[in-house]
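One letter stands for each residue in the lines below.
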Amino acid sequence: MCGICGFAGAGNFDDLRRMTRALAHRGPDDQGFWTCEEGGVWLGHRRLSIIDIEGGRQPMETADGRLVVSFNGEIYNHRTLRDELRKKGHRFVSNHSDTEVLLHGYRQWGDGLPEKLNGMWAFAIADRDLKRIFISRDRFGKKPLYYSRQGDTFAFSSELTSLCLHGCVGTRLSDLGAMKYFAYGYVPAPNTLFRRILKLPAGHNLVLDLSTLDFSVRKYWDFAIEPFEDISENAEEQWCEAIRELLQKAVERRLMSDVPLGVFLSGGMDSSAVSAFAARIAGRDRVETFSVGFEEKSFDESPYSGKVAEMLGTRHNTETLSVGNASRMLDRILDGMDEPLGDGSILPTYLLCKATRKKVTVALGGDGADELFAGYDPFRALKMAEMYAKVVPKPVHQGIRMLCSLLPVSHRNMSLDFKINRTLRGLSYPKQLWNSVWLGPLSPRQLRELFSVPLDIEEVYSEAIETWEQCRCDNLVDQTLRFYTKMYLQDDILAKVDRASMMNSLEVRAPFLDIELVDLVRRIPHRYKYRNGTTKYILKKALEPVLPKEILHRSKKGFGMPVGLWYRNGSLRMPAPPQTDFFNPGFLKRQLAEHLSNRRDNRAFLFNMHFFSRWSANPAFGLPRP
């Protein structure tokens, strides 16, 4: 796990050094540079040494000097690919470096290389013969990649902060990027908060022509739901057996490491399953598990994780914090984030990574299961929401919303008033927008109030609309699954885990996102994923031989923090918003006043604006200070 950066065209070694230095937290173990001044190519690398510590230094070059790579990630099938390439005549220098496999794999398969890989990655390969740079990002975007073409420079990096340290990369806030951020609570790829700076979307390659600096972006993979209707009597049993087998293989692949490794264990089904398979494969007493507990019971899951650890026999580690102490750390965490992300669970995720890094360098987690198997509460609301939208006239709906807005505000984790008001807010709009409005900090109406510049709702929500309409299955469950997997998972959950872990120089791996398991799950009909009010039905059935019923069927708790309460009691104070003319200051004041007086629960918007304000003050971006 590392940080990569580079550029072609105008620039010098000072630019490269600044960009690389900004990625030190991603790779504290080593740094490397590769330059070809006559070709105008500069590559930088920061390394967190995980695989082939001695032989995996980067940027790595082929013996003939034709190819050089800067790589961030892990390739879990690298040993299989190495054997295949050896049979084709390739000669390896390293002992077991997955980085070297990329170089020989590119020489053998060219642009088809990413389709052969099982892992997480963002890499750039400079090809001297073809005079081009080939850049790729993994199927789910677990590893970030930003890029920009400005004037005579094409630059890229794992982080925005690093990219903006190149002297030729200018920064100017994007109105549309900001609108999308306050619509979703994150900035969906390929957008960023800057004009002329983009993210390479998940499952895409970019090819840069070094002669002209022209580039093209191509999709090589997409999460397509293609159900296989197995009518055999034992279809459910077969699905369960296949899930268990592939999940165990996915965990086994991710236990590959030359450094200490552990498992996140919240006590929920997903992390418990990963821990159980890890204990089965590596041996009970050889697995280290980690959780973070909180003194406040509403937010504490540590009793569950302790019970699972005891059952599995793992060496369990729990760090208990008070929510009050945790709140005082939040601004420091926000300052370390590279891009705003309005997800309050960034705090416990960061604290978990920080505690885990004290003992290990790599951790396995349960990310991806909720999105692939329909694990979120909105799946329970879909059928009723569709019926409600058909039979309740708009004036009646507005009256119901007004009445429910009078419910007493509670700041408990996922409180009833919060769920009811969020659900009704989403139902004010077409079904293509339901999930975005349910999850986002503001509704379309509120977005128009926040921004003092013209706003096109279809353009702001274009990714959600496209994701919904391009689903090949015409049913609410699959359309919602596609939204969660293509958007929320990639641009919120995985971005959050990447930033929180990399701020602590910790690598986090996600067995549920193994491509072999994903290819199976996307073929399973939706009735096996959500059935009669039961979320993740088929996963729970598959894990019955692995985990006890009290773990499989306990209520989903989530990884929340009482940020709404912190604003009310003064533990958190809103920083001054950035100096920009596209925010309506009256809306900001109104939202804060309503929240402080306990008339409305505006925690989501306040946290998003708090984050945006802290982020915009980063001196690397050169934006006007408040």
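Just so it is clear, the model here is predicted, and its values are computed rather than measured.

Draft legend 1. Structural context of the overall build of the protein chain. The number of helices and strands found in the protein chain is 26 helices and 17 strands. In summary, the protein chain has a C-alpha radius of gyration of 24 Å against a globular reference of 25 Å for 626 residues, a match within 12%. Taking the principal axes of its C-alpha atoms as reference, the protein chain extends roughly 75 × 60 × 45 Å. Among the 626 residues that make up the protein chain, the fraction classed as buried is 62%. Only carbon and sulfur atoms are counted for the fraction: they give 49% of the accessible area of the protein chain, which is about 24400 Å². Seen as two clouds, the 86 positive and the 77 negative side-chain charges of the protein chain have centres 4 Å apart.

Draft legend 2. Main features of the packing of aromatic side chains. Enumeration over the complete set of coordinates arrives at 32 aromatic pairs. Taking 5.3 Å as the distance between ring centres and 40° as the angle between the ring planes, the aromatic pair formed by F194 and W615 counts as tilted. In this pair, F194 is assigned in the loop between helix 5 (175-184) and strand 10 (198-199) and W615 in helix 26 (residues 603-616), connecting sequence segments 421 residues apart. The same class applies to F194 and to W615, which are both buried.

Draft legend 3. Highlighting the sheet that holds strand 12 (residues 215-219). An order of 4-5-6-7-11-12 is seen for the six strands of this open sheet, with the pairing classed as antiparallel. A single partner strand is all that each edge strand has here, and the edge strands are strand 4 (60-61) and strand 12. By the bridge criterion, five bridges tie strand 11 (residues 204-209) to strand 12 in an arrangement that is antiparallel. Its bridge partner being in strand 12, L206 is matched across the sheet by V217.

Draft legend 4. Representation of the environment of A381 in the model. As for its placement among the helices and strands, A381 is situated in helix 13 (residues 378-391). Here A381 falls in the partly exposed class, since its relative accessible area comes to 21%. Sequence separation between A381 and G533 is 152 residues; the distance between their C-alpha atoms is 9.1 Å.

Draft legend 5. How the structure looks around the nonpolar core. Judged by nonpolar contacts, the single largest core of 183 residues is most densely connected at F123, F182, L450, F451, Y461, L543 and F612. Of all the elements, helix 20 (residues 476-502) adds the most residues to this core, at 13 residues. Non-local contacts of F612, meaning those with residues more than four positions away in its chain, are made with L173, A178, Y181, F182, L193, P340, P578 and F583. The next biggest cluster of nonpolar side chains, apart from the first, holds 20 residues, and it includes I4, F156, L200 and L213.

Draft legend 6. Region of the structure containing the sheet that holds strand 8 (residues 146-150). With antiparallel pairing, six strands are arranged side by side in an open sheet as 2-3-1-9-8-10. If you trace the sheet from one side to the other, it starts and ends with strand 2 (30-36) and strand 10, each paired once. Note that strand 8 and strand 10 share two bridges and pair antiparallel. Paired with Y147 across the strands is L198, a residue of strand 10.

Draft legend 7. A look at a negative patch on the surface. A contiguous patch of negative charge, built from D456, E458, E459, E466 and E469, is present on the exposed surface. Elements that contribute at least two residues to the negative patch include exactly helix 18 (457-460) and helix 19 (462-469). You can see E466 is positioned in helix 19.

Draft legend 8. Looking closely at the pairing of strand 5 (residues 67-75). For strand 5, the tally of buried residues reaches nine of nine residues, placing the bulk of the element in the interior. In this sheet, strand 5 lies alongside strand 4 in antiparallel orientation, the contact comprising two bridges. Among the inter-strand pairings, M60 is bridged to a residue of strand 5, identified as V69. Hairpin remark: strand 4 followed by strand 5, antiparallel, with five residues in the connecting loop; positive phi at G65, about 80°. The pairing of strand 5 with strand 6 (residues 119-127) spans nine bridges and is antiparallel. If you follow L67 over to strand 6, its bridge partner there is D127.

Draft legend 9. Layout of helix 2 (residues 78-87). Among all positions of helix 2, only H78, L81, R82 and L85 are buried. Projected down its long axis, helix 2 carries its buried residues within an arc of 105°, all on one side. Seen from the open side of helix 2, the exposed residues pointing more than 90 degrees away from its buried face are T80 and K87. For helix 2, the secondary structure elements touched by its buried residues are strand 5 and helix 3 (98-109).

Draft legend 10. Representation of the packing of helix 25 (residues 585-596) against helix 26 within the structure. The interhelical angle for the contact between helix 25 and helix 26, taken along N-to-C directions, is 130°, at an axis separation of 10 Å. The angle between helix 25 and helix 26 falls in the class oblique. As for how helix 25 packs across helix 26, the hand of that crossing is left-handed. Residues F587, L588, Q591, L592 and H595 of helix 25 form the contact with helix 26, whose participating residues are R603, F605, L606 and M609. Of the residues belonging to the contact of helix 25 with helix 26, the class tally is six nonpolar, two polar and one charged.

Draft legend 11. Quick peek at the side chain of K496. Structurally, K496 is set in helix 20. At a separation of 2.9 Å, a polar atom in the side chain of K496 contacts the side chain of S345. Among all residues touching K496, those that are not within four sequence positions of it are L341, D343, S345, I346 and T349.

About the criteria used
- Throughout, residues of each chain are indexed from 1 in the direction in which the sequence is written.
- Note on the predicted model: pLDDT of at least 70 is required for a residue's local features to be given, and 80 or more for side-chain atom pairs to be given and counted; whole-chain, interface and lining totals, by contrast, use all residues.
- No hydrogens and no water enter the side-chain calculation; it runs on all heavy atoms of the structure.
- Secondary structure follows DSSP: runs of H or I at least 4 residues long count as helices, runs of E at least 2 residues long count as strands, and numbering of each begins at the N terminus.
- Atoms counted for the radius of gyration: C-alpha only. Globule rule: 2.2 Å times residue count to the power 0.38.
- Categorising residues by exposure relies on relative accessible area from a 1.4 Å probe, with only protein chains included: less than 20% of the type maximum marks a residue as buried, more than 50% marks it as exposed, and the intermediate range marks it as partly exposed.
- The Shrake-Rupley method, run with a 1.4 Å probe sphere, supplies the accessible areas, and residue values consider only the shown protein chains as cover.
- Charged residues are defined narrowly, with Lys and Arg counted positive, Asp and Glu counted negative, and His plus the chain ends left uncounted.
- Working definition for charges: the position is that of NZ of Lys, CZ of Arg, CG of Asp or CD of Glu.
- Geometry of aromatic contacts follows a simple scheme: Phe, Tyr and Trp rings, the Trp one being its six-membered ring, pair when their centres are within 6.5 Å, and the pair is stacked under 30 degrees between planes, edge-to-face over 60, tilted otherwise.
- When DSSP finds two or more bridges between a pair of strands, those strands are recorded as paired.
- As used in this record, nonpolar core signifies buried Ala, Val, Leu, Ile, Met, Phe, Trp, Tyr and Cys residues forming a set joined through side-chain atoms within 4.5 Å.
- In what follows, a contact means two residues having at least one pair of non-hydrogen atoms within 4.5 Å.
- For patches, a residue must show more than 30% relative accessible area and have no salt bridge; joins then use 9 Å for like charges and 5 Å for nonpolar side chains, namely Val, Leu, Ile, Met, Phe, Trp and Tyr.
- Take a side-chain nitrogen of Lys or Arg and a carboxyl oxygen of Asp or Glu: if they are within 4 Å of each other, that pair is a salt bridge.
- Directions from the helix axis toward the C-beta atoms define the arc.
- Axes, fitted as lines to C-alpha atoms, cover a helix only where it is in contact. Angles between the N-to-C directions of the axes lie from 0 to 180 degrees.
- What sets the label is the angle itself: under 35 degrees gives roughly parallel, over 145 gives roughly antiparallel, 65 to 115 gives roughly perpendicular, and the rest give oblique.
- When the near helix sits turned anticlockwise from the far one by under a right angle, the crossing is termed left-handed; a clockwise turn instead gives a right-handed crossing.
- Only Asp, Glu, Lys and Arg are considered charged in this grouping, and only Ala, Val, Leu, Ile, Met, Phe, Trp, Tyr, Cys and Pro are considered nonpolar; every other residue, Gly among them, is considered polar.
- Contacts described as polar in this section are N or O atom pairs within 3.5 Å, which, within protein, must combine one atom able to donate a hydrogen with one able to accept it, while residues neighboring in sequence count only if both atoms come from side chains.

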